[in-house]
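In case you want the letters, here they are:
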Amino acid sequence: MLEAYRRWAYLYSKDLQGELRSDKSFVYAPSPNLTKEALLKLGFPADMKFSQDGTRVLGAPIGNDSFKAQFASNKVDAILKDLDVLALMPSFQAQHLIATKSIAHRINHLLRNIPGGEIDLLGDLAFRYDNALLLVPNRICHQISFQALPRLLCSLPQAHGGLGYRTWASTCDSAFLAAYTHIAHTFPSLFPQYKDRYPQAQFITAGTSPVPRQAYFASRALARLRSVSPTAAETIVTPPPSLRELQHNITSNTDSARALLATALCHDIDAPDHPRHAAMYYSNCGDPHTFSSIPIDADTTFTNPDFATIMARRLLIQITPNTREKRRCSCCKITSDTRLEVKKKPISYPALDLYGDHQVLCMTKMKGLRASRWHDPVVRMIHRISKAANIPSSYEPSSYMILSNQRPDVVIHSDPLNGQAIVMDCRTNDPTLAGDCIKCAQTPGAANDEGTRQKNSKWLSATTAQRDTFLPFCIEVGGRISTTSLDFLRNLSFATSNTPSDRAAFLTWALQRIHCTSQRGVAQMIHACPSIRADNHELPFGGLVPLGLPPPPPAFRRPVPCHPPAQPPAWPLAAALALPDPQIPQALPPSPPLSPAFHFPILPAHTYPPPVDPTPDQPFTDPPWSVGPSPTQVDNTIPVMADLPQEPIPALPTRASSHIGATRQNQDQLYFSGPPLGLPPEPGGAVYLHDLP
Ligand SMILES: [Zn+2]
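Residues numbered from 1 in each chain as written. Predicted model: local features only at pLDDT ≥ 70, side-chain atom pairs only at ≥ 80, totals over all residues.

1. Section: the nonpolar core
Argument step 1. Counting 112 residues, the largest nonpolar core has Leu 153, Phe 176, Leu 177, Ala 218, Ala 262 and Met 424 as the members making the most contacts within it.
Argument step 2. Ranked by residue count, the leading element in this core is helix α9 (residues 168-190), at 9 residues.
Argument step 3. Two domains share this core, each providing at least three of its residues, namely domain 2 (63-269) and domain 3 (361-533).
Argument step 4. Other than its neighbours up to four places away in sequence, Phe 176 contacts Leu 111, Arg 112, Pro 115, Gly 116, Gly 117, Phe 217, Ala 218 and Ala 221. (Core = buried A, V, L, I, M, F, W, Y, C linked by C-beta atoms within 7 Å. Buried ≥ 20, exposed ≤ 12 C-beta atoms within 10 Å, placed from the backbone. Helix = DSSP H or I, 4+ residues; strand = E, 2+ residues; numbered from the N terminus. Domains from an automatic or database assignment. Contact = placed C-beta atoms within 7 Å.)

2. Considering the pairing of strand β10 (residues 420-429)
Argument step 1. For β10, the tally of buried residues reaches 9 of 10 residues, placing the bulk of the element in the interior.
Argument step 2. In this sheet, β10 lies alongside strand β9 (residues 410-415) in antiparallel orientation, the contact comprising 4 bridges. Bridge assignment links Asp 415 to a residue of β10, and that residue is Gln 420.
Argument step 3. Linking β9 back to β10 in an antiparallel pair, the connection comprises 4 residues, with Gly 419 at a positive phi of about 75°. (Pairing = 2+ DSSP bridges.)

3. Here we look at helix α14 (residues 357-365)
Argument step 1. Of all 9 residues making up α14, 7 are buried, and the element is well covered by its neighbours.
Argument step 2. If you follow the buried residues of α14, they end up packed against α12 (276-284), β5 (327-329), α15 (369-388) and α19 (500-528).

4. Describing the environment of Ala 69
Argument step 1. For Ala 69, the location among the structural elements is in helix α3 (residues 65-86).
Argument step 2. Judged by local crowding, Ala 69 falls into the partly exposed class, with 17 C-beta atoms found within 10 Å.
Argument step 3. When the C-alpha atoms of Ala 69 and Leu 121 are compared, they prove to be 7.1 Å apart, with 52 residues separating the residues in sequence.
Argument step 4. Residues in contact with Ala 69, not counting those within four places in the same chain, are Leu 121 and Leu 122.

5. Observations regarding the environment of Ile 532
Argument step 1. Tracing the backbone through its elements, the reader meets Ile 532 in strand β12 (residues 531-533).
Argument step 2. The spacing of Ile 532 and Glu 325 is 207 residues in sequence and 9.6 Å in space, taken between C-alpha atoms.

6. A look at the pairing of strand β3 (residues 54-57)
Argument step 1. By the bridge criterion, 4 bridges tie β3 to strand β4 (residues 60-63) in an arrangement that is antiparallel. Each residue of the ladder has a partner; that of Gly 54, found in β4, is Gly 63.
Argument step 2. The loop that links β3 with its antiparallel partner β4 comprises 2 residues; one of these, Leu 58, has a positive phi angle of about 50°.

7. Quick notes on the sheet that holds strand β8 (residues 393-395)
Argument step 1. Across the sheet, 4 strands lie side by side as β8-β9-β10-β11; this open sheet has mixed pairing. Only two strands of the sheet have a single neighbouring strand rather than two, namely β8 and β11 (469-476). Each strand of the sheet is rotated relative to its neighbour by a mean of 20°, with strand direction disregarded.
Argument step 2. Sheet analysis places β10 next to β11, joined by 8 bridges and oriented parallel. For Thr 428, the partnering residue across the bridge sits in β11 and is Ile 475.
Argument step 3. Packing of α15 onto the sheet brings it into contact with β8, β9, β10 and β11, and relative to β10 it is tilted by some 145°. (Axes fitted to C-alpha atoms, helices over the stretch in contact; angles between N-to-C directions.)

8. What to know about the packing of α14 against α19
Working note: a packed helix pair is described by the angle between its axes plus the distance between those axes.
Argument step 1. Interaxial distance between α14 and α19 falls to 8 Å at its minimum, and their mutual angle equals 85°. Classed by the angle they form, the pair α14 and α19 counts as roughly perpendicular. Mapping the contact onto sequence places Gln 359, Val 360 and Met 363 in α14 and Val 522, Met 525, Ile 526 and Ala 528 in α19.
Argument step 2. Its residues assigned to classes, the contact of α14 with α19 comprises 6 nonpolar, 1 polar and no charged. (Parallel < 35°, antiparallel > 145°, perpendicular 65-115°, else oblique. Nonpolar A, V, L, I, M, F, W, Y, C, P; charged D, E, K, R; others polar.)

9. Looking at helix α4 (residues 92-101)
Argument step 1. Those residues of α4 that sit buried are Phe 92, Gln 93, Gln 95, His 96, Ala 99 and Thr 100. Buried positions in α4, seen along its axis, are confined to an arc of 160° and lie on one side of it.
Argument step 2. Summarising the contacts, the buried residues of α4 are in contact with α3, α6 (119-133), α7 (135-140) and α13 (304-314). (Arc of directions from axis to C-beta.)

10. Side note on the packing of α6 against α9
Argument step 1. Running from N to C, α6 and α9 cross one another at 130°; their axes reach a closest spacing of 9 Å. Considering their axes alone, α6 and α9 lie oblique with respect to each other. Between α6 and α9, the residues in contact are Ala 126, Tyr 129 and Asp 130 and Trp 168, Ala 169 and Cys 172, respectively.
Argument step 2. For the contact of α6 with α9, the residue count by class is 5 nonpolar, no polar and 1 charged.

11. Observations regarding the environment of Asp 357
Argument step 1. By the element assignment, Asp 357 lies in helix α14.
Argument step 2. Asp 357 has contacts with Arg 276 and Thr 432, leaving out every residue within four places of it along the chain.

12. Side note on unusual backbone geometry
Argument step 1. The backbone phi angle of His 142 is positive, close to 60°, even though this residue is not glycine.
Argument step 2. Turning to its location among the elements, His 142 is positioned in the loop between α7 and α8 (148-155).
Argument step 3. You will see that Leu 316, though not glycine, has its phi angle at about 60°, which is positive.
Argument step 4. Tracing the chain through its elements places Leu 316 in the loop between α13 and β5.

Function cannot be inferred from these measures alone, as they are strictly geometric.
This is the structure in structure tokens:
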């Protein structure tokens, strides 16, 4: 090793013209016999750092188990600090996005290098990390902790009805197995003499010996993954060249199995005659875009109450905070002890539930409220998406149907030359309705299928008769869109660009907006009809009052320089007579007499005693001293208005010929800076005083 170090130092100096500093170098000697004294005897520099536990190479811990555990603990502490800072963000949506898309991925590289699934080594650390990460949805949903089903839904990807929080428990085994499998396939080609150090994990059995330590941990990770998904070993038989793709394949395989586990948990919780959790979970699986939409505009931005309600319904947890007291719907006054009815027969499920299902149904009964909050915004969004794809469309055109009085929601003029169009009518469906819930809990998309059937029976014959195509756009309360509607959006993307990447970007853009619009409408329906306690003294709790944005800081104003008043231009007499006076009315009221207050007080002049001539017989005496007026008071006696001569002042020749706007007005007198008409201008800008007539 020492020779290798010297060789490296030589090459570094020869080729890179540098100098290796031994005080910045590090010796990792895992053998217990290689103490620091032994290394010094071998010739290592004395100032070189030394460790027998481990070191860090390219961000990965290399060393014994305790060193790896301490390294992982330090890494987790750094991530938990970021999560603490994240809690200060005011927007729930921003907290969720940063946690799922940025912070949660920081643990991935570490989990590829340590056996994170080993409970004995890293169990406490994994528990601490997952609890800290799931504090974000806990905080948003106002929950202390999650039960098994919401916790599982948090870690599932959005395509499986989850939120996409990659927890330690859901990532560690697939990350470590993918990294080990990648090394097991690439290392023998690079170092054939060490090919026995990395046997493939699927071939390691209980009788295999000896087993390298990393291979042992990989085989245990594969065994745990097999317990979740029996087909997990098939993903590593022919691994792709990319480590990232291999890990994605393993994770996708196990996620599908964990989605089945989520369905089983839903059925365990559900009432047999009203399985709303399973029906709602299937509906949620059709929306993989709402919780990954970046809030860049009003379409994809949620308020905190809306986002909290949407996330709670996604996690199948209750929205109503109190469950023990009798509650009443604030709109229809139905109470929580009323049973839900199927074909007029009560079932075990309450009519006023804790998850917001009744509010959606109640808004349906309230005429127009469900349409204004949910249906109409979705229709307008479809119309906007069609416009964005450069396809002409009409929003709720009247008198379009020839054979009926029906008014379609949107008409897409797909072939205007031939006069053919796609007539669309949107339908919002609720899979938790009492009559359809069992069927929707068994077949994903059953509510959309029923809505499509009803729309076709209502519209198909009339649109076919006028050679148009009818397309029912069906969307469920959880976000699932019908297959025909998805095909329509996909066809719209073909009108935007010829490249697959641009078409995929447009389709994602369109789906994000439709899903966000639908989820926002559902949340606002629930907020419009809250359930309150049946006690008469209880008022509905509206939550925190949004204070809005703070006012902007005062704008800085540059001080206006004080310039001397502008002098009036010398108007010619003819022009002054021709122009009307826009400022001063033609007939002014007579001026009242001067107010007494206008006269400044005339201060008495101080008179000094006559000087006394000193005589030789009399001693010199000072004159009697008295406090006289200040020079300022004395000076004020000079320019007061009352001392001006009271001789008659010549009146203005004509009103129209006065010097307009060039003077300042003080009570009843006008000071003109120019001379009256007919008089020559005074040099030096003399002031003329005039009385108003
Ligand atoms: Zn109600």
